[in-house]
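Observations on the model geometry
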Amino acid sequence: MAVTEPASAAASAARSATQSAPSGASASSMPHEAPAAFVPSAPAAPSVPPAPSGSSAPSVQEGILRRQAARESAARTYARALPIVPVRARGMTIEGADGSRYLDCLSGAGTLALGHNHPVVLEAIRKVLDSGAPLHVLDLATPVKDEFTTELFATLPPAFAERARIQFCGPAGTDAVEAALKLVRAATGRDGVLAFTGAYHGMTAGALAASGGAQDVRVARLPYPQDYRCPFGLGGPSGAELSARWTESLLDDTKSGVPLPGAMILEPVQGEGGVLPAPDAWLRRMREITAARGIPLIADEVQTGVGRTGAFWAVEHSGVVPDVMVLSKAIGGSLPLAVVIYRDDLDVWPPGAHAGTFRGNQLAMAAGTATLAYVRANGLAERAASLGEHMLTQLRSLADAHACVGEVRGRGLMLGVELVDPEEAPDGAGARGDNAGNASDGPSATAYDLSTRTALTALPAAARPRPPAPRLAAAVQRECLRRGLIVELGGRHSSVVRLLPPLTITDEQAAAVLDRLADALATAAHAHHG
């Protein structure tokens, strides 16, 4: 029943996996994952929590859930789809008030790079608490802050780090996005922003305006490249090239209605948008386009950072060096922390131009330093790349077995399964990949590939993507929870089942996640389609 998790640096690398505590054990007695010196394969004999088999204390949990529903805002989200009451957690395992245990593939929406209550994080927090250091210092310098900044800068792409400045913001990623937008507008003297369809940058006014569902006319919407639902009906390199050409045209056409903007903001992988990795070549084109026109490029790495995608920062896959990086979630080691890092020539703010009461969170900085150092020293980004590729391969087998799986995609340990309705007529746009002109059956439409100066043929109707299936996705999420697996939904119409496990996930835990998801999908699909 135990899981294993990386121990602290002081612990022996040979420490054997411990057995899990009984239902009433304290959090400190729960097990950990993996040895201190990183080993690519999983420990010899870890185990995973079984699927929930019944409630030992239903009245306590039900009472708490009733009071939450009666007292909390109608805006609450995760609590609606995941009616559990966590009381203790360690590594990838959460235990509910009713005694049920779950494998957590939500990880605080990607916040928990090392899982719950990792020993190095707890040790770093206790060290600050025991030292008598102040916990709240606004933006004053402290040893804890200095160590965090030094460690963070050591992880950045060298070409970015050598000219970097950092601004500590409010405690959430959306606060850092607001700061980044304020910064580039001050530096350029321009108000407009280029953002992308499907984007998610936060829930405050400015960040929401740059997200995919907003109506703010100060933000121009650009097509984000994707294969399955390509807005040009092509997908692959041709679809990405058309996206880039559209961007160039919008900027260079004096009658486009889009004046030169203050910045372009993008996610290297759209998470809430449905787990859509940006093609590396397309990201390089965005960098070329913005650099040539003096437009600062903002990379939103709030969810993709700290090894999540198989590189420490997702922009490193493409070799792109942005002008601004927005960071939060995992950099705080499970505690609230957000920063914006930017090129020094953009640092035009006068004193007090941006502030935040909780920008000096010492516990979060200590936890963040420990997390960043652990991920870097133990090669967890590389582990995410290899294990993520294995999990993608296994997940793609679901598409062969179930017609309701439209596409499986992701990068590193940021994975998504888009569910569709195979019984409905296909959508009018989209493609399953590049070189669609090879299709020969049925009527098709043509488009002009500006990169090769050749005509391309869009996929015939039979191969176009089916409509999204949000009700099926919600049913899969419920079936996963019944089997002791916590997953998130995202994408258009919330039809993408998302997996965001901690970077410390073992091979055995990964296998259990895949087995439970496959079983949940089979059950939900059978009930949905008969």
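Scroll up to find the structure.
Note that the structure is predicted; figures quoted are calculated from it, not measured.

Rules used throughout
- Residue numbers restart at each chain and count upward from 1, following the sequence in its written direction.
- The model is predicted, so local features are restricted to residues of pLDDT at least 70 and side-chain atom pairs to those at 80 or more, both for listing and for counting; the totals for chains, interfaces and linings are taken over all residues.
- Note: side-chain values were computed over all heavy atoms of the structure, leaving out hydrogens and water.
- Runs of E in the DSSP output that reach at least two residues are strands. Runs of H or I that reach at least four are helices, and both are numbered from the N terminus.
- Between buried and exposed lies partly exposed: a residue is buried under 20% and exposed over 50% of the maximum accessible area for its type, with that area taken using a 1.4 Å probe on protein chains only.
- By the convention used here, residues are in contact when the closest approach between their heavy atoms is within 4.5 Å.
- Here a strand pair is declared whenever DSSP counts at least two bridges between the two strands.
- In this analysis an axis means a line fitted to C-alpha atoms, helices contributing only their contacting stretch, and an angle means the value between N-to-C directions, from 0 to 180 degrees.
- Any helix carries an expected span of 1.5 Å times its number of residues minus one.
- Any two of the Phe, Tyr and Trp rings considered here, Trp counted by its six-membered ring, make a pair once their centres fall within 6.5 Å; the pair's planes then place it as stacked at under 30 degrees, edge-to-face at over 60, or tilted in between.

Points about the environment of Val121
In this structure, Val121 sits in helix α4 (residues 119–131). Judged by its relative accessible area of 5%, Val121 falls in the buried class. Put simply, Val121 and Ala364 are 243 residues apart on the chain and 9.6 Å apart in space, counted from C-alpha to C-alpha. Setting aside anything within four residues of it in sequence, one finds Val121 in contact with Leu114, Gly333, Ser334, Ala367, Ala370 and Thr371.

Some details on the sheet that holds strand β14 (residues 414–419)
The strands that make up a sheet are held in pairs by hydrogen bonds between backbone atoms, and each pair lies either parallel or antiparallel. Ordered by their spatial adjacency, four strands build an open sheet running β13-β14-β19-β18, and the pairing between neighbours is antiparallel. At either margin of the open sheet sits one strand with a lone partner, and together these are β13 (405–411) and β18 (488–490). Going across the sheet, the axis of each strand differs from the next one's by a mean of 25 degrees, ignoring polarity. Inspection of the sheet shows β18 paired to strand β19 (residues 496–499) by three bridges, in the antiparallel sense.

A closer look at the sheet that holds strand β11 (residues 324–327)
If you walk across this open sheet you meet the seven strands as β4-β12-β11-β10-β7-β5-β6, and the pairing is mixed. Two strands lie at the open edges of the sheet, namely β4 (164–168) and β6 (219–222), each paired on one side alone. Taking the axes of each pair of neighbouring strands and ignoring which way they run, one obtains an average angle of 20 degrees across the sheet. Where strand β5 (residues 193–196) and β6 come together, four bridges link them in parallel fashion. Its bridge partner lying in β6, Ala195 is registered against Arg221.

Examining helix α10 (residues 280–292)
Along its 13 residues, α10 runs 18 Å from first to last C-alpha, staying within 8% of the 18 Å computed at 1.5 Å per residue. Turning to α10, the residues buried within the fold contact β5, α9 (236–252), β7 (263–266) and β10 (297–300).

Digging into the environment of Leu297
Mapped onto the secondary structure, Leu297 falls in strand β10. Overall, the relative accessible area of 3% leaves Leu297 in the buried class. For Leu297, the contacting residues outside a window of four places in its chain are Met264, Leu266, Arg287, Thr290, Val320, Pro322, Asp323 and Val324.

Some points on the pairing of strand β3 (residues 101–104)
Of the two faces of β3, the one lined by Arg101 and Leu103 and the one lined by Tyr102 and Asp104 are each fully buried. Pairing analysis gives three bridges linking strand β2 (residues 93–96) to β3, with the strands arranged antiparallel. In the sheet register, Thr93 faces β3, and the bridge partner there is Leu103. The turn joining β2 and β3, which pair antiparallel and follow one another in sequence, is formed by four residues; a positive phi near 90 degrees is taken by Gly99.

Considerations on the packing of aromatic side chains
The full count for this structure, using the stated rule, is six aromatic pairs. Judged by centre distance (5.2 Å) and plane angle (75 degrees), the rings of Phe196 and Trp282 are edge-to-face. Here Phe196, found in strand β5, pairs with Trp282, found in helix α10; they are 86 residues apart in sequence, far enough to count as distant. In this structure, Phe196 and Trp282 share a single accessibility class: buried. On the basis of an interplanar angle of 65 degrees and a centroid distance of 5.4 Å, the ring pair of Tyr224 and Trp282 is categorised as edge-to-face. Of this pair, Tyr224 sits in the loop between β6 and α9 while Trp282 sits in helix α10, and the two are 58 residues apart along the sequence. The residues Tyr224 and Trp282 share a single accessibility class, namely buried. An aromatic cluster of at least three residues, connected via ring pairs, comprises Phe196, Tyr224 and Trp282.

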